[in-house]
Structure formats: structure tokens, C-alpha cells
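A closer look at the structure
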Amino acid sequence: MSKLKIILSTSLVAIVFLSVIPSCSEEDASTAPYVGSPVMSNVLVEEASFEPRITWLGGYASVLAVNKGTKSILDTSLIWLIKTEGNSLKYPVEFGVTPTGATDITSNYGGIKVDNLDEDESYSFWVMKEEIWNQISAQSGKEIVIDSSLQAAQVVVSTDSIKLSTEYFTSYSKDLDVFLNIADISTFGQLGVISVTEDFSDKPIISWTITQSGVSDTEISVIGICEGSQYDPGKTIWDVYSEADDNGSTVYGTVNVIKSPLNVGDTFEQTRAFVPFDADGLERNKTYYIWIANDIWDGESRLRFAKGYAYATFNTN
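Residues numbered from 1 in each chain as written. Predicted model: local features only at pLDDT ≥ 70, side-chain atom pairs only at ≥ 80, totals over all residues. Heavy atoms only, no water.

**Some thoughts on the nonpolar core**
Counting residues in hydrophobic clusters, the biggest one holds 27 residues, and the most contacted among them are Ile206, Trp208, Ile223, Trp238 and Ile258. Counting only elements with at least two residues in this core, the list comes to β13 (192–199), β14 (201–210), β15 (222–227), β16 (236–246), β20 (287–293) and β21 (309–316). Apart from residues lying up to four places away in sequence, Ile223 is in contact with Ile206, Trp208, Trp238, Asp239, Val240, Ile258, Leu262, Ile290, Trp291 and Ile292. In this structure, Ala61, Trp80, Phe125 and Val127 belong to the second largest nonpolar core, which totals 22 residues. (Core = buried A, V, L, I, M, F, W, Y, C linked by side-chain atoms within 4.5 Å. Buried < 20%, exposed > 50% of the residue type's maximum accessible area, 1.4 Å probe, protein only. Helix = DSSP H or I, 4+ residues; strand = E, 2+ residues; numbered from the N terminus. Contact = heavy atoms within 4.5 Å.)

Listed below in C-alpha cells is the structure:
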């Protein structure tokens, strides 16, 4: 056999041999089988919703529950408790909508299912795997809490609590805050005292009490809002003046037609919005300046002693 044939034969054998051995890159990229259950953590609740979607880390589960209040517990504070056979509950789950394959067992513990959550109420959301549920489902009236020192499927039951590891259980408490809150209101000016109160919307209620000596009319002719802690025409988001006819000419801010109370962004007869309120509502984490005036305001001065004028500042969160 020639030297050339020997070299070719050897190369072919090497190629066949190497083709049946996994490459180093393939071996490095392979994933080892997962041993044990993934640690559960981080219940995530959708913001700005009364029927929030709920999800969690740690794989599929068997039980999802919501208590009114800050405790995870099997008692009458339950407003939703659903269970599947096996750990087949998939996320996300929309509050109040029982997924296919799950059963609503809220009433088993004296709870009453509700269709939606309420503003400014506290809630506890919790998720559990079947391995633990089978051990604690008869322990009503005891708060279920996490003990990071416990191992895997350990359960410690006392007179008032059930302690579990994060292997099979996780929880999260929060105050539902769908609409913005009003804080730090300061009101100034001759005309009156301005109030800004929360509403079930992002357009708070504005009202006022007239305090200026000699003024009996409780209606006003001008109202407006700008961003910031002082008047800035460049940051105005709402600006409304009364509109009237004066011998064939249109005049603004000379008649009192705007009544208290009202919501930010409302429209009124006999007025013109020079800056219409075109947002869905005020924004969180901002400072706003609101002003009101009546028919005796000079239309220019915005100082505290200006007759027929008052203003207030407030924060949102």
C-alpha cells in the first residue's frame, strides 16, 4: 500500500471515531437534570388593578390564596382560595378567575369569595405546593409564616402558627393602592381655603370655602392647575375661565359660574378652557399648584394678599 493510501485510511478512521464522541462544547452546554423542588419566592401582584394578575417564582403550585389583612391563614379572612390536584397551577392567575382544573374552596374555611379587591385595603397573597398543603390543610386558624432555618418539607406547628420553608411556600402582603393619594396640602390667599381630597379616580375632588370679608358668592370665575410649587404658565395643565358677553364683546373671568365641589378636569357651562385637561388624571409623585379666583380678581396678581384670589399646593403619591 502506498504511503498516500495509508494516510487517507488513517484519516477516515479518525473522522469516524471522533464523530461518535460528543464535542467539548456540546458537553459544556448540556444541562444537568434538576434535583429537588425550586425554591419558591417573590409573589408578584399586578399594580393598578382591582382584579390583578398574580404570579410567583418557584415553578407550578397547587394552592393560591388571598386573605384580607396581612396574615396568610386558613380562616374567615380568606377572600379567595383555589386548589389543583398535583402542582399543576400555572401562572399568571387573574384574581377571581378560577383557572381550568382548579377548584374554589374558599368557603371550606369560612371565607367569602369576592369579585374584586378594594382600594386602600391590606391583602396577603400566598402560594403553596401540594407536598405541604396535604400536611397543613386541616390546621385552620393558624398563621402560616416562613422560617428560613427550616429544611425542605419541614413543618413546625404551634398553637398559633405554622412555620414552613421557602421550598414549598411563599407569601406577600401589600396595601392596594390603585388611585393616587393626596398629601401635604397648604392653602393660601384672601379669597378662601381650598381643599383637595382623594377620589376613586386620579382626578381628585376640589372644593373651597370663601373667607374673604365682604364676599358672599360661593361660586368662582377662574380655576387652574400647573405642575410645581408655584405658578408657572409654561407648566399649566388645566386653565378655565368663565365666558360672558359684554356689549358684543366676549369677556373672561368676570362672572362667577363655577360651583364647589368639582373634580379636576370637569367641564362647566359658560366657561372656556384655555388649557383643557387632556390627561387621564394627575400623576403620582408630583407637586401641583392649584388656583381659584372670582369676579373681583384683577387677573394678574397671584400674591397671598391679592383680592379675589387663592391658591394651594399639594403632593401626590
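**As for unusual backbone geometry**
Going from Tyr91 to Pro92, the amide bond is cis rather than trans, its omega being 0 degrees. Of note, the bond from Ser260 into Pro261 is cis; its omega dihedral lies within 30 degrees of zero at 0 degrees. Mapped onto the elements of the fold, Pro261 is located in the loop between β17 (249–252) and β18 (262–263). Phi is positive for Asn42, which is not a glycine, with a value near 55 degrees. Within the secondary structure, Asn42 is located in strand β1 (residues 41–45). A positive phi angle, near 60 degrees, is found at Gln270, a position not held by glycine. Residue position: Gln270 is located in the loop between β18 and β19 (271–275).

**Brief notes about the sheet that holds β1**
Ordered by their spatial adjacency, 3 strands build an open sheet running β1-β2-β5, and the pairing between neighbours is antiparallel. Two strands close off the open sheet at either side, each with one partner strand: β1 and β5 (93–94). When strand β2 (residues 53–57) meets β5, the two strands line up antiparallel, connected through 2 bridges. Paired with Ile54 across the bridge in β5 is Val93. (Pairing = 2+ DSSP bridges.)

**Details of the sheet that holds strand β10 (residues 161–164)**
Within the open sheet, the 3 strands sit side by side as β8-β10-β9. Their pairing is mixed. Each of the sheet's edge strands pairs with one partner strand only, and the pair in question is β8 (143–146) and β9 (155–157). Pairwise comparison of adjacent strand axes, ignoring direction, gives a mean angle of 20 degrees for this sheet. Bridge count for β9 against β10 is 3 bridges, and the pairing is antiparallel. Each bridged residue has a counterpart across the sheet, and for Val157 the counterpart in β10 is Ile162. (Axes fitted to C-alpha atoms, helices over the stretch in contact; angles between N-to-C directions.)

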